[in-house]
Amino acid sequence: PQCSSSTIIRWIVISFLMIGMYILGTMEGKSEVLKHGDGEGAKQHAKIKDKNNEFGTSFTLERVQNTRQAAQSLINTLQEYYGGKEQSENMMLHSWLTPWNFENTTGDNGMVDKLVDTMARALVTDDQTDFIIGTIGSSVAAGHDNCNYDSYELQMERTFGPVWEAAGMKLVCQNAGEGGGCGDDFSNQVFCIKQNVSPDIDIAHYTWTYFEAGGPASARALESRESLARWAQMMPKQPPVHVYNTGRLPGGGGEHDLAEHMREFGYNAFYMQTGFGNGGFDYEAAKKNGVDHFGWGVVGDGYHNVTRYGEDESSPVRKESLGVVMRNWHPGPLAFQFVSDTFTYIYSQAMIQALDLIESDLKNGIDPAEKWAASKRKIRLKSSLPPPKFCDPLYCVVDEAPGCINFEKPTYGWWGARVEDPEDGLNPHKGEVQNWEVWHKEETLWRGVSKQDQTYFEDRDDKEICRHLDACGGISATSKDSGSVVFRLPKQEVGLVVICGCCGKQVGTDMILNNTDIEISYNGQVLDRNAWDIWPNGKCVRLMKEFDANAAKATTGHNYLKIEAQENLSQPVRISHVITL
């Protein structure tokens, strides 16, 4: 039988209603994902190329608008939380060596321009799915005396991550912070920037400032920081370096000079206690009245008494823990929240400016990928940077960042030197005994976790969120039967070779420099022990300062370093790092 026209119309209307409900449900599902930030947003908004999009990027106007909305919403939330726009900016933008100004229209704003450029390239480049912030530093960076979950890096992943999900990406915060027991400090670890964190980081964080106190250490720190900032510009994404200091802004001197010198490349340093003070709370008056908000174990920073994620916590023990500002010399969760919020606030501002540039291109028919894709980033050479102000030109004026193999944990990047396969055809020592073994110190779940949090988490199924990732390690020989370890070295520009011992701040002298029970050779030539020196700190020994006429040449296309246990070796030798340049 034939359908009447009214029946046909009825079915058409019902069909459109069903389609509309499906689309609405899909949109609501996406909105719910972004609101909760549970990690599914990246799946919903993945960088999938639209076949109808004429440009070389999947970053469409719709995605620009979604990402801007997420970033602006987060900025608004933080401004409300910290007492309004003016107070928020005093606390989070003006607590740096060079204050951030995202409203400057004079064109003299290279530091902001660098950060905006970093954001724009990450957003537009289709084959980049992660935005990576890599932190090197001490136990402050590691989050010790807290659950790892409460470190500033993981708080930042949870706070800033949903904005990147709206962009079809994932925020990854790599935390290579470590306790002091391994003996490292800034001076050797900056050489390992491509090993400790990924060589593809978008932003580098440096948190070694507790080790910089004192005259000689302060001078060495400026050398190391400038070296790091320069080496970073030789890495694929040329990441800006941002320093986190728990203290107060210095009145002047070398730190300010370095910030100005490297401003164009995004270098800057944040001072946490200055940020708290810039909010207007009178900490000195509170201290006179008996409450030192930066005292050990004190709850409340003068503005809030618990982290945002602790506001609804039902356990009094956990809630009190989440309100601690300073555990001791280590910050607590509430201080780490402020650190996370500060970085997040600044990066969200830069992201909005990047989105404005991308949107302008799209609306004007310009392919953003032609300008902002990672492949369009100009390569930097050592001649592209200004002359060094503090660092040694021999090591910091180079076209490649140093290489490093670091046997400590954690590492996220690319090893420079590598342990050669004893049977590899290119190994010049093939056939010799090569039995050194990798060793790591076993750490318990509760190492570096406060007693408050141990009490709360010890019987919970999610206790693993407290575990810290750092552990000492090395490749080890225990007797002459260990034979040798052979390292294949990466391309060397200068000829620097450094090895470090494990574990302790001064182990380099007895374990390596004066230890005649090991013999070290370079390309088959035994190195003269009299030419070695303790450098750059007490756990490390510089075997070669640079290439000279006497350095043995490679015979197989690679340079090789061999460390061999001798007949009378009675104490373990553990090598934690091999650094080359």
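Residues numbered from 1 in each chain as written. Predicted model: local features only at pLDDT ≥ 70, side-chain atom pairs only at ≥ 80, totals over all residues. Heavy atoms only, no water.

K.L.:
Would you mind going over the state of the cysteines with me for this structure?
P.N.:
By definition, a disulfide is the covalent link that joins the sulfur atoms of two cysteine residues. All chains considered together, the criterion is met by six disulfides. What pairs with Cys182 in a disulfide is Cys472, and their sulfur atoms sit 2.2 Å apart. On the sign convention where negative means left-handed, the S-S torsion of about -105° between Cys182 and Cys472 marks this disulfide as left-handed. Pair noted here: Cys182 is in the loop between strand 2 (170–177) and helix 8 (186–189) and Cys472 is in the loop between helix 18 (451–457) and strand 9 (473–477), with a separation of 290 residues, a long-range link. Paired through a disulfide, Cys500 and Cys540 show a sulfur-sulfur distance of 2.0 Å. Taking the sign of the torsion about the S-S bond as the criterion, the disulfide between Cys500 and Cys540, at about 100°, is right-handed. Remark: Cys540 occurs in strand 15 (residues 540–544) and Cys500 occurs in strand 11 (residues 497–501); sequence separation between them is 40 residues. Taking the relative accessible area as the measure of exposure, Cys540 reaches 0% and is therefore buried. Each bonded cysteine in the chain gets a number by its place in the sequence, and the pairs come out as 1-7, 2-8, 3-6, 4-5, 9-12, 10-11. (Disulfide = S-S within 2.5 Å. Helix = DSSP H or I, 4+ residues; strand = E, 2+ residues; numbered from the N terminus. Buried < 20%, exposed > 50% of the residue type's maximum accessible area, 1.4 Å probe, protein only.)

K.L.:
Could you clarify how one ought to interpret the sheet that holds strand 12 (residues 518–522) in this entry?
P.N.:
Across a sheet, paired strands are connected by hydrogen bonds in the backbone, their directions being either parallel or antiparallel. One open sheet accounts for five strands, arranged 7-10-16-12-13; its pairing is antiparallel. At either margin of the open sheet sits one strand with a lone partner, and together these are strand 7 (418–419) and strand 13 (525–526). By the bridge criterion, six bridges tie strand 10 (residues 484–489) to strand 16 (residues 559–565) in an arrangement that is antiparallel. If you follow Ser484 over to strand 16, its bridge partner there is Glu564. (Pairing = 2+ DSSP bridges.)

K.L.:
Hey, could you run me through the pairing of strand 5 (residues 268–271) in this one?
P.N.:
Side-chain direction in a regular strand flips from residue to residue, so the side chains alternate between the two faces of the sheet. The alternating pattern of strand 5 places Asn268 and Phe270 on one face and Ala269 and Tyr271 on the opposite face, and all of these are buried. Summarising the sheet, strand 4 (residues 241–245) and strand 5 pair through four bridges and their orientation is parallel. From the neighbouring strand, Val243 faces strand 5, where its bridge partner is Ala269. Each parallel crossover has a hand, and the one from strand 4 via helix 11 (residues 254–261) to strand 5 is right-handed. (Right-handed = clockwise from strand over helix to strand, strands pointing away.)

K.L.:
Before we go on, may I ask you to explain the pairing of strand 16 in this structure?
P.N.:
Strand 16 sits mainly inside the fold: six of its seven residues count as buried. Across five bridges, the pairing between strand 12 and strand 16 is antiparallel. Paired with Ser521 across the strands is Lys562, a residue of strand 16.

K.L.:
Even after reading the chapter, I still don't get the confidence of the model for the chain, so can you show me in this structure?
P.N.:
In low-pLDDT regions, the fine details of the predicted coordinates are not to be read closely. Looking at the chain, the pLDDT average stands at 90 and 90% of residues meet or exceed 70. Here residues 1–45 scores under 50 on pLDDT; set against residues more than four positions off or in separate chains, the count is 25 contacts. (pLDDT = per-residue confidence, 0-100. Contact = heavy atoms within 4.5 Å.)

K.L.:
Quick question: what am I supposed to make of the sheet that holds strand 2 here?
P.N.:
An order of 2-1-3-4-5 is seen for the five strands of this open sheet, with the pairing classed as parallel. Each having just a single partner strand, strand 2 and strand 5 make up the two edges of the open sheet. Each strand of the sheet is rotated relative to its neighbour by a mean of 20°, with strand direction disregarded. By the bridge criterion, eight bridges tie strand 1 (residues 130–137) to strand 2 in an arrangement that is parallel. Following the sheet pairing, Ile132 is matched in strand 2 by Val172. Lying on the sheet, helix 15 (residues 333–363) is in contact with strand 1, strand 3 (203–207), strand 4 and strand 5; it crosses strand 4 at an angle near 155°. (Axes fitted to C-alpha atoms, helices over the stretch in contact; angles between N-to-C directions.)

K.L.:
Mind showing me how you'd approach the pattern of salt bridges here?
P.N.:
Pairing between side chains becomes possible if they bear opposite charge and their charged atoms approach one another. For the coordinates displayed, the defined rule picks out 29 salt bridges. Lys363 is the salt-bridge partner of Glu359, the closest N and O atoms lying 3.5 Å from each other. In this pair, Glu359 and Lys363 are both assigned in helix 15, four residues apart and thus about one turn of the helix distant. Arg542 is the partner of Asp533 in a salt bridge, and the nearest nitrogen-oxygen pair spans 2.7 Å. Residue Arg542 is classed as buried on the basis of its relative accessible area, which comes to 11%. Three or more residues are tied together by salt bridges with common partners; here these are Arg68, Asp356, Glu359 and Lys363. (Salt bridge = Lys/Arg side-chain N within 4 Å of Asp/Glu carboxyl O.)

K.L.:
Explanation requested: the environment of Glu226 in the structure shown.
P.N.:
Residue placement: Glu226 occurs in helix 10 (residues 215–232). Owing to a relative accessible area of 0%, Glu226 belongs among the buried residues under this scheme. In sequence terms Glu226 and Lys389 are 163 residues apart; their C-alpha atoms lie 7.9 Å from each other. The contact partners of Glu226, leaving out residues within four places of it in the chain, are Leu258, His261, Pro387, Pro388, Lys389, Phe390 and Cys391.

K.L.:
Is there a simple way to explain unusual backbone geometry in this structure?
P.N.:
Glycine aside, residues mostly have negative phi angles, and peptide bonds mostly take the trans form. The step from Lys409 to Pro410 runs through a cis peptide bond, and the omega angle for that step is -5°. Position of Pro410 relative to the elements: it lies in the loop between strand 6 (403–406) and strand 7. Put simply, Trp535 and Pro536 share a cis peptide bond, and its omega is 0°. In this structure, Pro536 sits in the loop between strand 14 (533–534) and strand 15.

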